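Geometric and topological summary
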Amino acid sequence: MSAVISKRKALYEWKIYLFLVPSLVLIGIFSYVPAFSTIYHSFFRWSGGDAKEFIGLTNFKTILGDTVFWNSFVTIGILVLANIVKMVPSIFMAVCIHRLKSDQWQYYYRVLVVLPMIVPSLVILFIWKFFFNPTQGVLNQFLDVTGIKGFLVELDQIFHWGIFFADVPISWLGTPGLIIPSLIIWGFPWIGAVGVLIYLAGLQSIGTEVYEAAELDGVNSLQKFLHIEFPLIMTQVRISIVLLVIGTLQSYGLQFLLLGSNGGPGQKGMVPGLWMFAKAFSAGEFGYACALGLFLFLFILALTYINNRYVRVDK
Amino acid sequence: MREKILNTIGIGLLAVCFLIAVVRIVFIRYQSKSAPDGKQRVELRIAHWQLENGPRDAFEALAREYNQLNPHVNVVQIPIPERIYGNWLVTQLVGGTPPDLIQLGNGMTDERLARFFMPLSELADLPNPHNKGTPFEGKPLRDTFADGMQGGYNPNLVEFYGVPISGKSIRMFYNLDLLRQITGSERLPKTYDELIALCKRTREYAAEKHVRMVPIAGSRYNGGILMQALFTSQTQKLRERITPTGILITPASTLADGLFHNKWSLDSPDARSGLALMREVAQYMQPGFMQLLRDDAMLLFVQRGALMITTGSWDATSIRQESPFRIGVGAIPYPTADHPVYGRFTYGSIADAEGSSAGTVFGITRASKHPKEARDFLQFLGSVRGGQIWTDNSGWIPSVMGTRTPAQAVPFLPETNGYVAGFSYLGEGGPDVGRVVDSNLYSLVGSYGSVDQFVSETRQSYRAAWISDLQRNRRIQADILQRSDTQVASFLWLARKHPENAESQRKADLALQGADASERTFSFTDLVLNSQP
Amino acid sequence: MSAATLSAAGARRKRDWPKHLCILALLGIELLPFYMMMQISMKDNHAFFGNPWLPANPFHWVWENWVYAGRLILPYVANSIVVSVSATVGCLVVALLAAYFFARYRMPGSNILWSLFLVLMLLPSVANIVPLFAVLKGLNLLNTLWALIILGVAGGQVFCIYLLRNFIEDIPKDLFEAAEMDGATHFQQLQTVVIPMSGPILGTLAILQFLSSWNDYLMPLIVLRDPEIFTIGVGLIYLDGEYVKQWGRIMASFFLASIPLIIIFLFTMKLFVRGLSAGAVKG
């Protein structure tokens, strides 16, 4: 805790307030002004310039009837669920690394896990985009070589999806029905460096004695995971889920770069953040975009509140 | 200890890089401000989305040439990827940092044009100073273009806003080496039957030689172009039947009126014949081509995976530079009037529309800090000399008269010998019709599909889509009408105030004509919608 | 050590290899993009389509790809370094000052001021981008690197101050008092007491800030217009817009864009891994 200070001393030490000024100015201009500007402009028809017209609640009424926006919540819901499932490999990886006996190897693997983090995220994004390329991409070549493609084509003939054909490259990002699956496959095998490190940190508190004792009792790996390891990283997993849900709800960069600002064919990849972005920077409806942003903010705030109230995590 | 040393080296490296980078950026910023001849250096920026091979080299050459004429002006191009162009445009315009010259079209609306761009009507009437010593000396700028500069005219705003610097046309591209291997000659198909025969021959050839090859490289983009072109050949007579006055362009509302009163539908023999043509030609592209993108088709062709590809003149330079084989270029082979099946509905080959085919239009932003230089550079682009540099370096067809078309661009010059096109299968209706047709198209071109299946699946929603598109048009036209009313009023007021100024009188007349036209358009759309059974 | 534990340990060591296998398999797939990037960067399109998976014969390596990539990407890398280093250093300096204010004394009003910062943790960044654009426009910062630097400094404040405050509060009070006795000003106390003690946490924060600034692309895409001040992100997005894709060149550019950090990483690997692990716990 910071030291309590007497009134007189505080007066004498007034200069210390100056320490806070740069920080306050920065968050004032770049956090508070935009935040209030969002609220203010959501009541206006505003195309980003000086001219604006007060239109009351019209923007919010439009949101209620905005099917694209509501559909985008379905999409993001699916992606959130998928992202939660996609945590599994990271947990698995962390447990594997942790169970290694050699500290040396643990360290090497940590380095290798961290490696993708230092490559610009866009590079990884674009390489994946290239993997998905129908004619030259690695994914289609892999499916061809392994014969999975033939299997998919047969499934298609049974179910009449009209998506997979023999001799036709699969257009992952060009077919409405494949866009959400593509976004889910994205980044396979879904090892998140930060996730692995978080879980490893949680696992660190398990002493070797615990393992040895467990081993003497003839406990198998799965039981070890369920009874020793998982309870210990439960907190980390819950924190990760919370961060992940909030993070996913806000994300749209991936969809923007892969599918363009209209969310790809059939707008199947449209997510709320992207719709807001598109409304502002493609349609030029900045006022409406602010209203969408405000709505998103309230939605995330409500989720945070529910989380703090009911799924309180003890750090 | 070792770690500390390594850390220090790492951070030291970063610090050195940082210093170099800072010096570099400061130097660049300083350099762009000072000019060699002591004059204030002017940097003109010109943004475009022509990332095909050619145009970027052409702008480079134009900038160099212009810099020779005006040493204090540096022209810098900003090539923007097509897919982010719309966002980029809005961001720059609204942010107040747009470049001086911007390519118009992608993401542009009348409102943005009026708000952020300078009207160039005055410029269009002035002679082009860069045309000194040419036959066009003293002629108004607009009269030095093949299309009368119509590509830069906005009829709704009754002003010129841009200068079109190149022409465009749709062609069929052939891999000549392959063609010779397959047919033994390099004769390009002239008619639709010859095209289909060539496709069949290619199929056989691929089967004989066990090579993976399709006759035509397709994609949503390239396949769409070809199918659309063929469809329009079948609606030539239909279009005439439902367009009473015999004008060349049939507005959407007239087509809609015809549809509503059962003068035509997707079931009409003409339309069905067009659909059958589409299906027939689609069978010679990769199955499922509607899922592929423009680059995919292009790559297939360049990699010898296809004998032909349909695309625009704008792709010619890319194709020529990327292909390791010789290229043949020909017009799209249409069915002839004496064709036993398709001849009934067509007059014959379709001519390239003259005038409307100009593209690559550039306008000047109001936020430009150097409007004088920007205007001059635009005039330079539109001069015989500028046009020549453009067409020589880009390989695109010129829009400026008096320029010599380079040999490789000659096949793309507008073909005026032919008939007027019908309307397309997407209908000139609008986005909703487009979406309905597009989303059912797989049942027309897919291996399991047929014309019947497509028509029966589309019939239901087709009419509703026309209605909703028409309603949207009516809304837009009402907006335009409202705006033109204010414009007419202000021009009339100006004309009355300065009766001696011929320019304001002319503008008032134009505005009145424009308003009249908008009024007619609007009331006709309204009438069609109201009289719809 | 009893025989039982010995054999248990022995068994454990023996059974380590399936774990190694699992880890290596996962890492193998995870790092596949980098392998593809490296090997394709040495091929032209023709070689790539003929042999997509294996590296090309070193005698046929297409160095021209690298020349092209160097000319294209290095200026962007330089700009990115300017932005990321400045933003990181600026952010830490400003945050350190503010954290010192909160940690040293409980000044009048400091609770209210603290909550001003805490509230921002709830503010999702997604809603901000539109009005932020208007703010930058008002400050005449559009199309400058300054905009990115300042946003980087401002954006990291809440997180950094939060962590630094906790850290500074844990520094023994006697140290400050001793310094005060010697007549040190607050600024000097910050220099002599706080900074030497908080090396690890500063390292962690620096790495996190640097990475977030280095990886940003949406803001630069909106802010920057002139190609000569593009940062890596924008540069790569523009590269992705080409119609005719020369994959070798593109991959060489990707590789080149990754190299600066990889070099620095090689030297400061331990700092990185430790910093990120610590950041992972705190975050």
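Residues numbered from 1 in each chain as written. Chains lettered and ligands numbered in written order. Predicted model: local features only at pLDDT ≥ 70, side-chain atom pairs only at ≥ 80, totals over all residues.

1. Quick notes on the interface of chain B and chain C
- At the interface, 33 residues of chain B touch 31 residues of chain C.
- A total of 14 residues in the side of chain B that touches chain C trace back to one element, the largest contributor, which is helix α1 (residues 2-31) of chain B.
- Its residues assigned to classes, the side of chain B that touches chain C comprises 16 nonpolar, 10 polar and seven charged. (Contact = placed C-beta atoms within 7 Å. Helix = DSSP H or I, 4+ residues; strand = E, 2+ residues; numbered from the N terminus. Nonpolar A, V, L, I, M, F, W, Y, C, P; charged D, E, K, R; others polar.)

2. Notes on the packing of helix α9 (residues 173-181) of chain C against helix α10 (residues 186-197) of chain C
All names here are of chain C.
- Orientation of α9 relative to α10, taken along the N-to-C sense of each, is 140°, at an axis distance of 10 Å. As judged from the angle between their axes, α9 and α10 are oblique. Between α9 and α10 lies a crossing whose hand is right-handed. Along its contact with α9, which presents Leu175, Phe176, Ala179 and Glu180, the element α10 presents Gln189, Thr192 and Val193. (Axes fitted to C-alpha atoms, helices over the stretch in contact; angles between N-to-C directions. Parallel < 35°, antiparallel > 145°, perpendicular 65-115°, else oblique. Left-handed = near helix turned anticlockwise from the far one by under 90°.)

3. Considerations on the interface of chain A and chain C
- Opposite the 78 residues of chain A that make contact, chain C presents 78 residues.
- Broken down by element, the residue count for the side of chain A that touches chain C peaks at 13 residues, all from helix α2 (residues 21-41) of chain A.

4. Focus on the nonpolar core
- Formed by 223 residues in total, the largest nonpolar core has its most connected members in Phe362(B), Ala95(C), Ala98(C), Ala99(C) and Tyr100(C).
- Tallying contributions element by element places helix α4 (residues 64-104) of chain C first for this core, with 22 residues.
- Leu198(B), Leu230(B), Val445(B) and Val451(B) belong to the second largest nonpolar core, which has 74 residues in total. (Core = buried A, V, L, I, M, F, W, Y, C linked by C-beta atoms within 7 Å. Buried ≥ 20, exposed ≤ 12 C-beta atoms within 10 Å, placed from the backbone.)

5. Quick word on the packing of helix α17 (residues 451-497) of chain B against helix α18 (residues 502-531) of chain B
All names here are of chain B.
- Viewed as axis vectors pointing N to C, α17 and α18 meet at an angle of 155°, and their least axial separation amounts to 8 Å. Judged by the inter-axis angle, α17 sits roughly antiparallel to α18. For the pair α17 and α18, the crossing hand works out as left-handed.

6. Describing helix α4 (residues 67-85) of chain A
Residues and elements named next belong to chain A.
- Over its 19 residues, α4 extends 28 Å from the first C-alpha to the last, a length consistent with the 27 Å expected when each residue adds 1.5 Å.
- Buried within α4 we find Ser72, Thr75, Ile76, Leu79 and Asn83. For α4, the angular spread of the buried residues around the axis is 100°, confining them to a single face. Pointing more than 90 degrees away from the buried face of α4 are the exposed residues Thr67, Trp70, Val74 and Val85.
- Contact partners of the buried residues in α4: α10 (176-185), α13 (221-250) and α15 (272-281). (Expected span 1.5 Å × (residues − 1). Arc of directions from axis to C-beta.)

Functional significance is not addressed by these values, which are geometric in nature.
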